[in-house]
Amino acid sequence: MVIQALVFYLFAAVVVASAVMVISARNPVHSVLFLILAFFNAAGLFLLMGAEFLAMILVVVYVGAVAVLFLFVVMMLDVNVAQLRQGFLQYLPIGALVGLILLVELVMVLGAWVLAPGTVEGSGMPIPDPSQVTNTEALGRVIYDHYIYLFQAAGLILLIAMIGAIVLTLRQREGVRRQSISKQVARQRAEGVELKDVPSGGGV
Amino acid sequence: MSIGADIVAALPELFLAGTAIILLMLGVFMRDISTRSIGLLAVAALAFAGALIYLGDGRGTVAFNGLFLNDGFGDFMKVLVLIGAALTIVMALRGLEQEQMNQFEFPVLLVLATVGMLMMISANDLISLYMGLELQSLALYVVAAFRRDSLRSSEAGLKYFVLGSLASGMLLYGMSMVYGFTGSTSFDVLAQVFASQEDAPSIGLIVGIVFIAAGLAFKISAVPFHMWTPDVYEGAPTPVTAFLAAAPKVAAMALLVRVLMGPFGDLVAQWQQIVVFIALASMLLGSFAAIVQSNIKRLMAYSSIGHVGFALVGLAAGSEAGVRGVAVYMAIYLFMTVGVFAVILAMRVNGRAVEAMDDLKGLSKTNPLMALAMAALMFSMAGIPPLAGFFGKFYVFMAAVEAGLFELAVIGVLASVVAAYYYLRIVKVMYFDEPVEAFDKPVGSELASVLAISTLVIVLFVLIPGPIVDGAATAAEALTSAGR
């Protein structure tokens, strides 16, 4: 138990510290690297809770794909942080005011929070017994069985996002040389290679 | 419930989604297929989906573990949405060719947006509501920016996207509040929880309802969440504006009615004042701000804000008669809007689209039939009997009076008098001003037939009110009796 607690505090502390670094680091590349560190430690936290599948997915999807993509974008776009922070002070008072009002509202709401009686037990998805089903199976039942409708709807939304990105950005340009794999594969030796008979010993 | 029964319940939506994907593949793999044929196939698919809804039994079947609901209200609204979408796609076909945005993705995106609208109307859970709404909105953001080389179209798309995302954020925030209070996102459970409560609802729940109402008010462009409407309507290509003004408005209004009357039906006292305020502000702003407009697309934007205000008067009543009023109003609004946009799409001089009100000058001499149809539509929009627009207003105001909202009804009538000024000004411009350059002829069979259909519906409504009024009555009954 002691070791578990120690490991938990280690992971949790690193997550919090690196999350702070993500938003405070001056260099955006460092920000993304700290983000990756935060993801790794969050995966560790999941492992401690026994959610292996989520831990692995976090590493594979977020570290492997999303964060690396971020890194590419940040490196390619060469974001000028100093320029982005221009006008920060100018908008600080109004931003702080809005934030303050929201904070007061939240405190008021949460202070008067009452759960409707007898609703929490009867609703939501029941948590299955971990000794009976694996993580992956339990998640799959929720996402692909119970919420199949929403899962397919999300798929359609992503399809629209893809169509939209292509429609709004793809331009057919003239004179672009495209790779045609079938053409490359179908090439015969006779078309590509020509043997020249060079007379030897003749000089120029 | 087995998956087979689920599929049967959601057959129209599944059919349309499948068709959209097939059309997309047709467009990609058959290079020489024209946008026109894809568009016509899309219209046929919409008509077929409408037939599926009409033939299906709309008797409160719940499918997909309570996420999806089929009922009479949904059927009525879905058929309206499909009619609106089909008519506007037909109108867009020619416009697309003329405006050099002849890409086959356009009808595909509109069909996908329609799927989103149907899902919104059938939502029986906060999450499926949100999914449908996003599916619809995302497709509309893209089509608003469809003419990507035009600065104004891109601006319209971007503005719509940014403000729409903000509204979605508010909606989600409100939903999380409601979920935090009740522990469920299902409409049925929400309705049960609120019905079983004796004491006043907690402040957190009220904040949640306010945020949900605000997010949905953005989608129907009700004041004070209307700011995007004039800019987007003006900037987007005209065929897109026609689509935006018709079907999505009906769908979002249906969604708002379903959410407020369904799960939050027992909290009428909480949301009634919000709806009353939104209705008042929309009617007044829609009437007064439109007076100074000279661009007809901007004018239509303010006009639609005003019409949404009038429809909300029915919702503010919070009764079955009120819901019937909203349904009748949205049905008539749909046909009026489609008709007016058919005229706007026909406004082309020397192959160039014009959209100033002055371009309509003397239309009665250059194109008497079109002027006559436009005049009928304008009189109807102003709410002059015996045209359909009058009856739409009549039903919502009657419901408001029955519910004791006299002030709201009186101010509504006054606002409609103000609005009559700018509708009648268009009639005056068409009939009493010296003709300017005539519009290009012929306008095309698509526009002419859509204009004829919508004008006939508006004019003949007084003789044959049955289909719309009875349908709306059944719809309202299905909504208010469900779950009680």
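The rules we used
- Residues numbered from 1 in each chain as written.
- Chains lettered and ligands numbered in written order.
- Predicted model: local features only at pLDDT ≥ 70, side-chain atom pairs only at ≥ 80, totals over all residues.
- Heavy atoms only, no water.
- UniProt positions renumbered as here; feature names shortened; annotations may be inferred.
- Contact = heavy atoms within 4.5 Å.
- Buried area = accessible area lost by both parts, 1.4 Å probe.
- Salt bridge = Lys/Arg side-chain N within 4 Å of Asp/Glu carboxyl O.
- Polar contact = N/O pair within 3.5 Å; in protein donor to acceptor, adjacent residues only side chain to side chain.
- Helix = DSSP H or I, 4+ residues; strand = E, 2+ residues; numbered from the N terminus.
- Nonpolar A, V, L, I, M, F, W, Y, C, P; charged D, E, K, R; others polar.
- Patch = residues over 30% accessible without salt bridge, like charges linked within 9 Å, V, L, I, M, F, W, Y side chains within 5 Å.
- Areas by Shrake-Rupley, 256 points an atom, 1.4 Å probe, with all protein chains shown as cover.
- Axes fitted to C-alpha atoms, helices over the stretch in contact; angles between N-to-C directions.
- Parallel < 35°, antiparallel > 145°, perpendicular 65-115°, else oblique.
- Left-handed = near helix turned anticlockwise from the far one by under 90°.

You'll find chain A entered in an unreviewed UniProt entry as NADH-quinone oxidoreductase subunit J, with Aquibaculum arenosum given as the organism. One UniProt comment on chain A, placed under Sequence similarities (unreviewed entry), says "Belongs to the complex I subunit 6 family."

On to the interface of chain B and chain A. Contacts between chain B and chain A engage 39 residues on the former and 32 residues on the latter. Across the interface of chain B and chain A, roughly 3,200 Å² is buried in total on both sides, 78% from carbon and sulfur atoms. Inspection of the chain B/chain A interface yields one salt bridge. Here D149 of chain B makes a salt bridge to R171 of chain A, at a shortest N to O gap of 3.1 Å. Counting across the interface, chain B meets chain A through four residue pairs in polar contact (both at pLDDT 80 or more). Elements that contribute at least two residues to the side of chain B that touches chain A include exactly α2 (11-29), α5 (105-121), α6 (126-144), α7 (151-182) and α9 (203-219) of chain B. Looking at the side of chain B that touches chain A, the element that brings in the most residues is α6 of chain B, giving eight residues. In terms of residue class, the side of chain B that touches chain A is built from 25 nonpolar, 10 polar and four charged.

Residues L100, L103, V104, V107 and M108 of chain A together with I203 of chain B make up a contiguous nonpolar surface patch of roughly 550 Å² in combined accessible area. Broken down by element, the nonpolar patch gets its largest block of residues, five residues, from helix α5 (residues 88-111) of chain A. Structurally, V107 of chain A is set in helix α5.

Let us look at the packing of helix α4 (residues 72-98) of chain B against helix α20 (residues 445-460) of chain B. Residues and elements named next belong to chain B. At a minimum axis distance of 8 Å, the contact between α4 and α20 shows a crossing angle of 150°. Relative to α20, the element α4 lies roughly antiparallel. The chirality of how α4 crosses α20 is left-handed. Where α4 abuts α20, its residues L87, V90, M91 and R94 lie against E446, L447, V450 and I453. A per-class count over the contact of α4 with α20 returns six nonpolar, no polar and two charged.

A separate point is the packing of helix α15 (residues 320-345) of chain B against α20 of chain B. All names here are of chain B. Between α15 and α20, the least distance of the axes is 8 Å, while the angle of their chain directions is 145°. Crossing handedness for the pair α15 and α20: left-handed. Residues I332, F335, M336, V338, G339, A342, V343 and L345 of α15 pack against L447, V450, L451, S454, V457 and I458 of α20. Of the residues contributing to the contact of α15 with α20, the split by class is 12 nonpolar, two polar and no charged.

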